[in-house]
Amino acid sequence: MLRDLQEISDGKIYGTKDMVRAACRGCEGCHACCVDMGESILLDPSDIRMLSEATGSTFEQLTAEGRIALCVADGMILPYLKMDERTNRCGFLDEAGRCRIHTARPGLCRVFPLGRIYEEGRISYFLQAGACEKPGTVKVKVGKWLDGSGTKQQERFLLQWHGLKSRVQEHLKNRDETEEKTIHLFLLQLFYVKPYDNGDFYVQFEKRLEEVEKVL
């Protein structure tokens, strides 16, 4: 792990109380990290809930509008932020290159240029080398930079979601194509297509997780 980190980061592992050189004055005049991202900005169920609330669009509508698309990643069919086919920029950027959904931006956007490390039942972070093109970054406390992504509830959710993806990959080993497709569609429907109501997201997610435990 440490050897791999040396290749893609400054080699350090950060906790929420540590200081990291990531602050960039609100990306003032820059949106380089919102261009040419391919299928890399994967969306978890919490991301979709926030996007739906911010845009007033359902999962199906976001897909039909070309805001998100589906790919196979981490052993599951997952949605991702789709780049505009003409400009190759994130479809949620305005003409000035500013994010129209900043308060509801996905978790991967929220933590950038940090990356997550899932290890021993906890989440820590690393600074992605050369990921942010904005010059003059300054130090900020990791917990502040996470902007809501580092709360205990959110961390519990992320660990549960990460664990589920790992179990799905293990469960699907040596399964035939029909069974694999059935499970993929079941999970997509359960965690993404089926709307979450205005109640506590985490409670709703854990109830859906219990449904999966009966299958996997």
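Chains are numbered independently. Their residues run from 1 in the order of the written sequence. For a predicted model such as this one, the threshold for reporting local features is a pLDDT of at least 70, and the threshold for listing and counting side-chain atom pairs is 80 or more; totals across whole chains, interfaces and linings nevertheless cover every residue. The basis for the side-chain values is all heavy atoms of the structure; hydrogens and waters are excluded.

(A) Highlighting helix 7 (residues 177-193). The complete set of buried residues in helix 7 reads Ile183, His184, Leu187, Leu188, Leu190, Phe191, Tyr192 and Val193. By the convention used here, residues are in contact when the closest approach between their heavy atoms is within 4.5 Å. Each helix is a run of H or I in the DSSP string that is no shorter than four residues. Each strand is a run of E no shorter than two, and both are numbered from the N terminus. Packed against the buried residues of helix 7 are helix 2 (45-55), helix 3 (59-64), strand 2 (68-73), strand 3 (76-81), helix 6 (152-171) and helix 8 (201-213). If you check the start of helix 7, you find a side-chain oxygen 3.1 Å away from the backbone N of Thr178, and it comes from Asp176. Exposure classes here rest on a 1.4 Å probe applied to the protein chains alone. A residue is buried below 20% of its type maximum, exposed above 50%, and partly exposed in between. The term polar contact refers here to a pair of N or O atoms within 3.5 Å; inside protein, the definition further demands a hydrogen-donor-capable atom paired with an acceptor-capable atom, and it admits residues adjacent in sequence only when both atoms are side-chain atoms.

(B) Region of the structure containing the packing of helix 6 against helix 7. Remark: helix 6 packs on helix 7, axes separated minimally by 11 Å, with the N-to-C direction vectors making an angle of 165°. Here helix 6 lies roughly antiparallel to helix 7, going by the angle between them. Relative to helix 7, the crossing made by helix 6 is right-handed. On helix 7, the residues that touch Trp161, Leu164, Val168 and His171 of helix 6 are Glu179, Ile183, Leu187, Phe191 and Tyr192. Basically, the charged four are Asp, Glu, Lys and Arg, the nonpolar ten are Ala, Val, Leu, Ile, Met, Phe, Trp, Tyr, Cys and Pro, and anything else, Gly included, counts as polar. Taken together, the residues of the contact of helix 6 with helix 7 sort by class into seven nonpolar, one polar and one charged. Lines fitted to C-alpha atoms define the axes here, with helix axes fitted over just the stretch in contact, and angles between the N-to-C directions of these axes take values from 0 to 180 degrees. Roughly parallel covers angles under 35 degrees, roughly antiparallel covers those over 145, roughly perpendicular covers 65 to 115, and oblique covers all other angles. Throughout, a crossing is termed right-handed when the near helix is turned clockwise from the far one, and left-handed when it is turned anticlockwise from it by less than a right angle.

(C) A look at the pattern of salt bridges. Whenever a carboxyl oxygen of Asp or Glu lies within 4 Å of a side-chain nitrogen of Lys or Arg, that contact is scored as a salt bridge. All chains considered together, the criterion is met by eight salt bridges. Between Glu85 and Lys82 there is a salt bridge, with the nearest N and O atoms lying 3.4 Å from each other. For Asp84, the salt bridge goes to Arg86, with nearest N and O atoms at 3.3 Å. Classification of Asp84 by relative accessible area gives partly exposed; the value is 23%. Taking the relative accessible area as the measure of exposure, Arg86 reaches 76% and is therefore exposed.

(D) The arrangement of the side chain of Gln154 in detail. Secondary-structure assignment places Gln154 in helix 6. Excluding residues within four positions of it along the chain, Gln154 makes contact with Ser46, Gly148, Ser149 and Tyr202.

(E) Fine view of the environment of Thr103. Inspection of the secondary structure assignment puts Thr103 in the loop between strand 3 and helix 4 (107-111). For Thr103, a relative accessible area of 72% puts it in the exposed group.

(F) Representation of the side chain of Arg110 within the structure. On the secondary structure map, Arg110 appears in helix 4. Of note is the side chain of Arg110, whose polar atom sits 3.0 Å from the backbone oxygen of Arg105. Excluding residues that lie within four positions of it along the chain, Arg110 makes contacts with Met50, His102, Thr103, Ala104, Arg105, Trp145, Leu146, Asp147 and Ser149.

(G) Layout of the pairing of strand 5 (residues 122-127). Among the six residues that make up strand 5, five are buried, leaving the element largely enclosed by the rest of the structure. Strand pairing is assigned whenever DSSP detects at least two bridges linking the two strands. In the sheet, strand 4 (residues 114-119) pairs with strand 5 via six bridges, with the strands oriented antiparallel. In the sheet register, Leu114 faces strand 5, and the bridge partner there is Leu127. Remark: two residues form the turn of the hairpin made by strand 4 and strand 5, two consecutive strands paired antiparallel; Glu120 in that turn has positive phi of roughly 55°.

Just distances and angles here, no functional claims.
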